[in-house]
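Structural overview for review
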Amino acid sequence: LILKNHTNVLAFAEDYVQEGQVAINTQVFGTSGRTIYEPFPLAMRFQCRLSTSMNKLVRSISRVSDLGNMDQNKGTRTLPLRDGAFTVDTDGTKVNSIKHKGPRNVALIYKFHYRSNEEFLQKGQPNDIIVEEEESIRAQTKLGVDPRTGERLRAGTIRDDTAWKKLKRLVPEYAK
């Protein structure tokens, strides 16, 4: 979670979660051209994001007292709310879907979706693949191709080191 005008989540919630929940858009990062895992923080390794047109999904921060019946929960992006409570974005606009092209100037969820080619392979590898298929899947992924879709893994084209700068400020050992 990248907060642009607040130093912590509680301060953000005081301003934006008066009732119900606030929807926050995601910002998806690509492979940044990396092909293998490296033992460094994600925010350091991946600093190339996709265009904002690719990032319309939201996540939410909810006021617990306004949560509804959790048996009606259909996912992790937003939660069911009690009658009379609703989801808004940081501009106060009501949000009725997990896809919302909302404001990006107050908060964003940074999602390191692809990571390196190697990590993408490990994350998305089905448990029941046949040995013959495994070599083909590994070969495609090493070339930067998603074996499920045949499309290139996106590297990202817009440099964004915001998360890395914030992490270095919060964890001084990383600044060295």
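Residues numbered from 1 in each chain as written. Predicted model: local features only at pLDDT ≥ 70, side-chain atom pairs only at ≥ 80, totals over all residues. Heavy atoms only, no water.

1. Thoughts on the overall build of the protein
Helices and strands together make up the secondary structure of the protein, namely five helices and seven strands. Its helices and strands in sequence order give the protein the pattern β-α-β-α-β-β-β-β-α-α-β-α, from N to C terminus. The principal-axis extent of the C-alpha atoms belonging to the protein is close to 55 × 45 × 25 Å. Counting over 176 residues, the protein shows a buried share of 36%. Within the protein, contacts between residues at least 6 apart in sequence are counted, and of these 66% link residues at least 24 apart. Approximately 10800 Å² of the protein is accessible, and the part contributed by carbon and sulfur atoms is 51%. Averaged over its 28 positive side-chain charges, the protein has a centre that lies 6 Å from the centre of its 21 negative ones. (Helix = DSSP H or I, 4+ residues; strand = E, 2+ residues; numbered from the N terminus. Buried < 20%, exposed > 50% of the residue type's maximum accessible area, 1.4 Å probe, protein only. Contact = heavy atoms within 4.5 Å. Areas by Shrake-Rupley, 256 points an atom, 1.4 Å probe, with all protein chains shown as cover. Lys, Arg positive; Asp, Glu negative; His and termini not counted. Charge placed at Lys NZ, Arg CZ, Asp CG, Glu CD.)

2. Thoughts on the packing of aromatic side chains
For the structure on display, the rule yields four aromatic pairs. Between the aromatic rings of tryptophan 164 and tyrosine 174, the centroid separation amounts to 5.9 Å while the plane-to-plane angle is 40 degrees, which identifies the pairing as tilted. Here tryptophan 164 is found in helix 5 (residues 162–170), whereas its partner tyrosine 174 is found in the segment after helix 5, with ten residues between them in sequence. Taking relative accessible area as the criterion, tryptophan 164 reaches 10% and is therefore assigned buried. (Phe/Tyr/Trp six-rings, centres within 6.5 Å; stacked < 30°, edge-to-face > 60°.)

3. Points about unusual backbone geometry
In this model, serine 32 sits at a positive phi of 55 degrees, which is unusual for a non-glycine residue. Relative to the assigned elements, serine 32 resides in the loop between strand 2 (21–28) and helix 2 (42–45).

4. Overview of the pairing of strand 6 (residues 107–111)
As defined by bridge partners, strand 1 (residues 2–3) adjoins strand 6 across two bridges and the pair is classed as antiparallel. The residue bridging leucine 3 from the neighbouring strand is alanine 107, located in strand 6. By the bridge criterion, three bridges tie strand 2 to strand 6 in an arrangement that is parallel. Across the sheet, residue valine 28 finds its bridge partner in strand 6, namely lysine 111. (Pairing = 2+ DSSP bridges.)

5. Some details on the pairing of strand 2
Buried residues dominate strand 2, accounting for eight of its eight residues. Note that strand 2 and strand 4 (residues 58–62) share five bridges and pair antiparallel. When the bridges of strand 4 are listed, valine 22 appears paired with isoleucine 61. Both strand 2 and strand 5 (residues 87–88) contribute to a ladder of two bridges, which runs parallel.

6. Observations regarding the pattern of salt bridges
All told, the structure shown has seven salt bridges when counted by the stated rule. Here arginine 82 ties to glutamate 19 by a salt bridge, and the two come within 2.8 Å at their closest N and O atoms. A residue pair is termed long-range when its members are at least 10 positions apart, and arginine 82 in the loop between strand 4 and strand 5 and glutamate 19 in the loop between helix 1 (9–16) and strand 2 qualify at 63 residues. Using a relative accessible area of 30% as the deciding quantity, one classes arginine 82 as partly exposed. Using a relative accessible area of 34% as the deciding quantity, one classes glutamate 19 as partly exposed. Close ionic contact of arginine 45 with glutamate 119 constitutes a salt bridge, the shortest N to O distance being 2.9 Å. Here glutamate 119 lies in helix 3 (residues 117–124) and arginine 45 lies in helix 2, a separation of 74 residues in the sequence. The pair formed by arginine 45 and glutamate 119 is uniform in burial state, with each residue classed as buried. Several salt bridges share partner residues, and in doing so they unite Glu19, Asp66 and Arg82 into one network. (Salt bridge = Lys/Arg side-chain N within 4 Å of Asp/Glu carboxyl O.)

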